[in-house]
Structures are given as C-alpha cells and as structure tokens.
4 protein chains.
Amino acid sequence: MPKTRLEAFSDGVLAIILTIMVMEFHIPKGDQLSVLLPMLPVVGCYVLSFIYIGIYWNNHHHMLHAVKHVSGGVLWANLHLLFWLSLLPFVTGWMGENHFATWPTVLYGSVLLMCGVAYTILAKVLIRTEGPESLLARAVGRDRKGKVSIALYAVSLPLAFWNHWVALGIYGAVAAMWHIPDRRIERLFVEE
Amino acid sequence: MPKTRLEAFSDGVLAIILTIMVMEFHIPKGDQLSVLLPMLPVVGCYVLSFIYIGIYWNNHHHMLHAVKHVSGGVLWANLHLLFWLSLLPFVTGWMGENHFATWPTVLYGSVLLMCGVAYTILAKVLIRTEGPESLLARAVGRDRKGKVSIALYAVSLPLAFWNHWVALGIYGAVAAMWHIPDRRIERLFVEE
Amino acid sequence: MPKTRLEAFSDGVLAIILTIMVMEFHIPKGDQLSVLLPMLPVVGCYVLSFIYIGIYWNNHHHMLHAVKHVSGGVLWANLHLLFWLSLLPFVTGWMGENHFATWPTVLYGSVLLMCGVAYTILAKVLIRTEGPESLLARAVGRDRKGKVSIALYAVSLPLAFWNHWVALGIYGAVAAMWHIPDRRIERLFVEE
Amino acid sequence: MPKTRLEAFSDGVLAIILTIMVMEFHIPKGDQLSVLLPMLPVVGCYVLSFIYIGIYWNNHHHMLHAVKHVSGGVLWANLHLLFWLSLLPFVTGWMGENHFATWPTVLYGSVLLMCGVAYTILAKVLIRTEGPESLLARAVGRDRKGKVSIALYAVSLPLAFWNHWVALGIYGAVAAMWHIPDRRIERLFVEE
C-alpha cells in the first residue's frame, strides 16, 4: 500500500482541526477594543493548540517520510491518533471559555496525553512494519522524548488540582521540547 | 481519466465529514466535570461514526488502489456514496442529542444502509470498467461481506422499533466486521 | 507553472463547499419523525446544490485534464469561479428555509448564472493559454452547452417572479443536461 | 525534505480559511430582498478577504515553486504565516458586522500587517535555505513590493483613527498591487 493517500488524508484532517478552532471565536457584540478582552484566554488556548497541531503535523511529516509502505494496522493507528487530535478544538474551547479552570485544564491535558500515547502506538506499528533495522527504527531509537512527554502529561494531571498554572506550564514546556522537529530523523537523512 | 483527483476529492470530503462532527460538541456552560455528562451519548455516537468513516475511507482506499482508470460513471457513483456519507454528521448529532431514541436510531441505520448500497454500486461500476478478469473483480468476488452488511442494516431497522439497543448492537457488529481492512484485496497484491 | 496545486486547491475548496452545506441542517428538537418534516425543503435544496457542485467538480476535472500549463490569469479566473460557487451554501440555505419563495429562488438562480459565466471565462482563459489548435480548444469548440445554460438561467430569473416552480424546473433541467460529463472531451481522449 | 506535503497542508488550510468565511453569512429571517441589505458590508468584507487569501495562495504557490527543499525552519515559518491568515475570518466578520467601525478596521489592518511580516519572514527563511545565488533569491531580490506593503499597512493603522475609509482604501490598494502574480518569478522561469 502506498502512503500518499494516508498523508493526504492526515493533512486534510489536521488542516481542518487547525482551522475550525477559529470558529470558536464568536464575533462579539460591540465595536470597541474592550469587547475583545474576554476573548484573550480563548485566543491564548488557540495559540497553544495551534502549536501542538503544528508539532504533530511536523513530526508526522518527518516520521512518514522515513517510511516506505503502510499496512492496514498503520491506517488504524493513524486514525486513532487523528481521533484524539480531533478532540482538541472542543477541549481548547472549553478551557478558554472557563479561563483555565481546573477540570477543563485536566481534560485538555488528558487529551494531550492520549495524543501522545496514540503517536507512540503509531510509531511502534510503523517500526514493526518497517523492521528493526529500518531507517525509522534507528531514528526513533528508544524514543526517550516520547516517553518523557507522556510521563510529564501524566504528572501534570494530578498537579492541575493543586495549581492549574503548573499543569499549563508543563503543557507549554512539552510543546517547547517538541518544537524542534525530530532532528534524530533529519540527521539520519543527511548522513545517508 | 486518471484517478488521483478522484482520490484527493474523496479524501477531502471524508476528512471534512469526519471533522465537522466534532462541531456538534457544543461547549457547555460551567467548568465542572458534571456538565460533560449529558454529552456522553453524543461522544459515543461520534466514536461510532468516526469508526464508520474510517472504515469507508480505508476500504475506498483499498478499492481504488486496485483500479487503473475511472470513467464518468465512476465519478458519479463516487459522489453518490459521498452524498450519503455527508448525512452522517446530522444523523449522528440527532441520535446523540436524543440519547438513541427510536426514530433517530432508525434514521441513522437508514443512512448506514444507503451508504452500504452506494458502496456496492460503486464497486459494481468500477468492476464493469475494469473488466471481469481484473484484479479488482477477482478481489471483490461475490462480495459476501457487502451483501451481509446490507442485509443486517435492513433487518436492524424494524428491530429498532422493538428495541433500539439491538439495532445499535447490529451497527456496531457490522463496523467490527469491516474493521479489518479488506484482506481479500491486500492478499492479492502480495501474491502478485 | 504546473497545474497540480491549482487542482488540489480547487478540490479542497469544492470539497468544503459541498460539506459545509450539511451544517445548515440544524439538529431539531424532539425525536419524532415529524420534527424532520420542516427540513425537507432544506434537504431538497441540498440535493440540488450537491449535484451542481458535483457537476462543476466533474467538468473542472475534465477541463483541467486537457490542459498542460496554467498562467497567472488562469489562477485568478479559477478563483473567480470558486468565489461564486462559495456563495452556494448561503443561497441554498436561504432558499430552503423559505420554502422556495420568489426572492431566494431568484438569488439562487443568479448565483448559478454567475457560476456559469465564471466557468465560461475560465474556459476562454484556458483556451487562450493553450492555443486555438489545442486539445482543449477543439474539445470545447463553440461551447454550445455553456451558452445554452447561461441563456436558460437568464430566462429563468424573470420567470421566477411569475412562477418560481418554473425557475426551479429550469435549474433542474440544466443540471440534468450537464449531468453527463463532457463527452466531447472524453471522446477526444479516446480518439488520440 | 520534499515540499509536497507542505504545499498540500498549506493548500488545505487556505482552502478552509477561504470557505469558512462564508459561514459568517447567517441566513436572515424573511424572504424579501430587503433582509439581505444589512449583510452587504459583511459581503464586501468577504470579497476583500477572499482576494487577499487568493493573493497569498497565488504568491505562496509561485514562491514554493521556485524552491527545491524545505527545512524544519521553513515548516515553522509557514505555520506562522498560516496562523495570522487563520485570524482573517474572525476579523473579517467583526469588521463586517460593525460596518467598518474604527477598532475592527484597525484590527483587520493589524492582521494584514502581521500576515505581510510573516510572509517576508517565510521568504527570508526560504532564501537562507536555498542560498543567495538561488532562483528564488534572484527572483525576490530586494523585495521592494513586500516592504512597501508592510509600510503601507503600518501607516494605515493610525490613519484609521482619523478616517477609517482611508485605511480601507489602503488595504484595497495593496491588494490591487499584489493582484498581479509575482511576475519577477514568472519571468525568471520563462528565461531559463
């Protein structure tokens, strides 16, 4: 099975997820700058989620670039990842409209956690298809970055009940950590 | 006529159908976990429809992969399938907001039935274009799985008036049956 | 300039136009079949517009298939066509919610007229780029079908004030006339 | 890294941004032509934003056509541009519903300014990747048009407080200036 349609479909879904988040920006009544003030938390959440979708698209792009063929299992592992990502617009809106209250922040973190888990599963399924000596397997290696992210999300959830700003700080830190596209893969390509 | 644009257009429509279902998740008032409880049926319906769209995309992907050229008739048979699939977000929302009441469940099943019929028509049109000796014709064969699905949907509709959980169980069972991508086609590719 | 991105962008816009029309189907209150009755005109309009978008996508597909290169003028003629098509969801919704009242029917026909004009302009710009001896120029020829459609739309507008069902009948008739993909182009490809 | 997925993803996001602006056209109550009158400013804003998205798509298309490879930095510079463009539907709706009042007009211009800045950054990152002797570097040259646009937007913002029609006139003039696709790049391609 060639991978082009998998890439095209994923790109389409990610592009739509990215863009429909803007539709949570309800146009306010009034033409003064002050009517936009209550929207600031919503916009802040949008920026965070936009960066997260960008990171996933970026790394998805890199990971599939290192892959030659996709099996039926890969298609479903990919859909599983898209499922959790598709919940981001809702949890982003809920967190923004409630000004980072505890439960919305926890739910947001839980969806990020599930996205991280789904991404790890996708990587594992891809490596199983490609083989342990493949370019991808060597590039991902022991996947320390992925494991650290999942651990950080898991830690952030109970912390959110104590202080949700700490949880939000962790979400931001994980994003920053991933912001740099997967240099492991990029390096390998240059070497060959 | 090459098939690339048909694939790209179908991918686009399916990606949008998949994603706009999330827009039925109206952000609730309040920041407690309890305000999300009434949304659970909607989320459940979303999961079922997400899997169905995934199955259709998956099998569409496999079927067109086995095809070389598309005729004008194929374009319309494909649009016919997309039409019925495009009704899924509406019936998903109606079923979810009414907690699987009888009529919404029947309508949901009817749309699934029509999707199944439209998929069968598309397969028939494709096989007519490709010829009875083609890779696709041999792979689809007597299409027992397609016929069984349509029969199950048809049976589920009257059953829904008696007990709608039975109908929902049938929808889930058909999804499970199709979950495994069409191994018939995959096997043939490997053999050649 | 290669034509792939023009095709991809047009496919994307058309796929979204097609799909967001479903979002006008507001989920009704109540779980009885009767609550869907008032939606029937909206669904009827959706079917008509779905077929129209299908026709445009189909013919756009055929026309660009016969083209080798696109110039800056083609990009803008194409955007102009997409602009008028993008108004279809709004006029479809307005006509459906007002049960085919006179003014909504006239506005719907006006948008169809402008789509027809924009398509003719795109064809002319493409033929100018390709040259009078090109495959496309010979296939489109004197473009009788395009001219007849525009004339029929123009006639339907005043008729709508007398009896809007006549206007709607004309819209349906033009759709039926175009339903068959442009056999002129298909024939030429087979001949070569 | 090949550039195809970057183009596909950008096309998808731009196509969605273009199309969801139509969703701000709320279907009015009533079937008389007069109920559409209050919508005219919204439609006017839509036309302006549609042309702007068209220009960005067009120039993005030309610029990436002149590029061979994309780095991680390019992916993020591109996402940064898409971020500002994604705000256009919101500011378009706010400006339209408030009939070009001062603050909405200023915000609209600010988003245009940031889009211009983001486009310039993307061009710089691309040229750094391609090298100073590349086709792209020679084509963009000193990028006078880009600098003039950014200056005009910056000037228009304070002017909007004095007379917002002047600001709107400037937005229109910049659009007209860019309407012609980047002939610098097109010329170079023909020469080679």
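As shown above, the structure is provided for reference.
Residues numbered from 1 in each chain as written. Chains lettered and ligands numbered in written order. Predicted model: local features only at pLDDT ≥ 70, side-chain atom pairs only at ≥ 80, totals over all residues.

Draft legend 1. Summary view of the relation of the copies chain C and chain D. For the pair chain C and chain D, the best superposition has an RMSD of 0.0 Å and corresponds to a rotation of 90 degrees with a translation of 0.0 Å parallel to the axis. Such a turn and shift between the copies fits a four-fold axis. Minimal C-alpha distance to the rotation axis in chain C is attained by Gly12 of chain C, lying at 4.3 Å. When you check the interface residues of chain C against chain D, a mere 12% turn up at the interface there too, and the two sides of the contact use different surfaces. (Least-squares fit on C-alpha atoms with pLDDT ≥ 70 in both. Contact = placed C-beta atoms within 7 Å.)

Draft legend 2. Spatial organisation of the interface of chain B and chain A. Across the boundary between the two partners, chain B contributes 23 residues, which contact 24 residues of chain A. Contributing elements (two or more residues each) for the side of chain B that touches chain A: helix H1 (4-20) and helix H2 (40-65) of chain B. Ranked by the residues each element gives to the side of chain B that touches chain A, the list is headed by H1 of chain B, at 8 residues. Counted by class, the side of chain B that touches chain A contains 12 nonpolar, 7 polar and 4 charged residues. (Helix = DSSP H or I, 4+ residues; strand = E, 2+ residues; numbered from the N terminus. Nonpolar A, V, L, I, M, F, W, Y, C, P; charged D, E, K, R; others polar.)

Draft legend 3. Spotlight on the interface of chain C and chain D. Taken residue by residue, the interface counts 24 residues in chain C and 23 residues in chain D. Take the side of chain C that touches chain D: its biggest share by element is 8 residues, from helix H1 (residues 4-20) of chain C.

Draft legend 4. Summary view of the arrangement of the chains. Taking C-alpha atoms as the reference, chain A and chain C come no closer than 9 Å and do not contact one another. The smallest C-alpha distance separating chain B from chain D is 9 Å, and no contact links them.

Draft legend 5. How the structure looks around the packing of helix H1 (residues 4-20) of chain D against helix H2 (residues 40-65) of chain D. All names here are of chain D. It is at 10 Å that the axes of H1 and H2 come closest, and there the two elements cross at 170 degrees. Taken together, the axes of H1 and H2 are roughly antiparallel relative to one another. Every residue of H2 that contacts H1 at Glu7, Ser10, Leu14, Ile17 and Leu18 is listed here: Phe50, Ile53, Tyr56, Trp57, His60 and Leu64. Looking at the contact of H1 with H2, its residues break down into 8 nonpolar, 2 polar and 1 charged. (Axes fitted to C-alpha atoms, helices over the stretch in contact; angles between N-to-C directions. Parallel < 35°, antiparallel > 145°, perpendicular 65-115°, else oblique.)

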